[in-house]
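# Structural description and commentary
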Amino acid sequence: VCPLLAQDAQPLPDGASLEIVVQEVQGEVDVRPSAKEKWAAVTKGMKLAPGAKLCTGVGSAVAIAFGTNSVALVAECSVCEIRAFEIRGEELVANIHLEPGTAQVHVKQLAQLHTDFQVSTPRLTCSVRGSRGPFRSECDEIPDYGRNDEGRVEADVHVGVAAVGD
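Residues numbered from 1 in each chain as written. Predicted model: local features only at pLDDT ≥ 70, side-chain atom pairs only at ≥ 80, totals over all residues. Heavy atoms only, no water.

### Digging into the pairing of strand 8 (residues 79-88)
Here three bridges tie strand 5 (residues 53-56) to strand 8, and the two strands are oriented antiparallel to one another. Note on strand 8: the bridge partner recorded for leucine 54 is cysteine 80. Here strand 8 pairs with strand 9 (residues 91-98) via eight bridges, running antiparallel. If you follow phenylalanine 85 over to strand 9, its bridge partner there is alanine 94. Linkage of strand 8 to strand 9, two consecutive antiparallel strands, is achieved through a turn of two residues, within which glycine 89 is found at a positive phi near 65°. (Pairing = 2+ DSSP bridges. Helix = DSSP H or I, 4+ residues; strand = E, 2+ residues; numbered from the N terminus.)

### Side note on the nonpolar core
Judged by nonpolar contacts, the single largest core of 27 residues is most densely connected at Leu48, Leu54, Phe66, Ile96 and Phe117. Of all the secondary-structure elements, those providing two or more residues to this core are strand 1 (20-26), strand 2 (29-32), strand 6 (61-66), strand 7 (70-74), strand 8, strand 9, strand 10 (101-107) and strand 11 (114-120). Element by element, the count of residues in this core is highest for strand 9, at four residues. Ignoring any residue separated from it by four or fewer positions in sequence, one finds leucine 54 in contact with Val29, Asp30, Val31, Trp39, Val42, Leu48, Val62, Ile64, Ser78, Val79, Cys80 and Ile82. (Core = buried A, V, L, I, M, F, W, Y, C linked by side-chain atoms within 4.5 Å. Buried < 20%, exposed > 50% of the residue type's maximum accessible area, 1.4 Å probe, protein only. Contact = heavy atoms within 4.5 Å.)

Right under this line is the structure:
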């Protein structure tokens, strides 16, 4: 288990801006801010935007704060794309996509906005609403990253007791 994922991460305090910010980096973590940009090392305090793709190396992890109430902890050997972080009507929506990868998401509901934090994989989407849960994706074919021996997708949500896989 990655030490960063074992920690009980706390969301940013109220009053912080509605931004996506790298809270902690452990080991080698790279980011490609958009499809047109090159990969670069992730640094603590770096601001990210939807479209950014992160890649964690062996023994590496990254904690990403989504505004004032949500934190995604992306574990080693993961590829994570930030797909959305926006207000839609009365809802704050965040979405990350894992292919392959493992992420643990902590969400604290806001009084003024309902939060829907979605974690998607090539085969499923899970939603974390005011709780926390680990998610894992293993893919059949992973371009530029090789082939998974078992070729399966798994998502485990320990809070709420739901497990999905094939």
